[in-house]
Amino acid sequence: VAEMPQESLLGLTVQQLTPEIAQSLKIKDKDGVIVSNVEPNSPAAEAGLHSGDLILEVNRQEVKNMDEYMKAMGNIDKQESILLLVKRNKHTRFVVLEARE
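This one's a predicted model, so the numbers in the text were calculated from it and none came from an experiment.

> Let's hear about helix α3 (residues 66-74): which residues, and what values?
Among the residues making up α3, those that are buried are M66, Y69, A72 and M73. Viewed along the axis of α3, the buried residues span an arc of 130°, placing them on a single side of the element. Turned more than 90 degrees away from the buried face of α3 sit D67, K71 and G74, all of them exposed. Of the residues that open α3, the one with a side-chain oxygen 3.1 Å from the backbone nitrogen of D67 is N65.

Laid out in structure tokens, this is it:
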């Protein structure tokens, strides 16, 4: 199965965390989706997300892979803010993506 990056309205492109990506980014985690691109001036950029960030949860729902990520994102109303649990290096923090009309 090809691992295709997924675009979203939030200016965020993510892809499945693979062993190869984890090794290249020195990530020890096995689960999650990795941010591969953040568009300038997007909600994702305003929230401080960067390429290489690991998304572990969407609105307090654990996401271990792209299927779970897409399902979690599909359940979100476009008017809602989104709470992401993001890991960068050894630090894990919550990030809020503000909805845009």
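> Outline the environment of S42, supporting the account with residue identities and numerical values.
By the secondary structure assignment, S42 is in the loop between β2 (33-38) and α2 (43-46). Here S42 falls in the buried class, since its relative accessible area comes to 5%. On a C-alpha basis, the gap between S42 and G11 in space is 5.0 Å, while along the polypeptide they are 31 residues apart. At a separation of 2.6 Å, a polar atom in the side chain of S42 contacts the main-chain carbonyl oxygen of E39.

About the criteria used
- Residues numbered from 1 in each chain as written.
- Predicted model: local features only at pLDDT ≥ 70, side-chain atom pairs only at ≥ 80, totals over all residues.
- Heavy atoms only, no water.
- Buried < 20%, exposed > 50% of the residue type's maximum accessible area, 1.4 Å probe, protein only.
- Helix = DSSP H or I, 4+ residues; strand = E, 2+ residues; numbered from the N terminus.
- Arc of directions from axis to C-beta.
- Polar contact = N/O pair within 3.5 Å; in protein donor to acceptor, adjacent residues only side chain to side chain.

Honestly, it's all geometry; don't read function into it.
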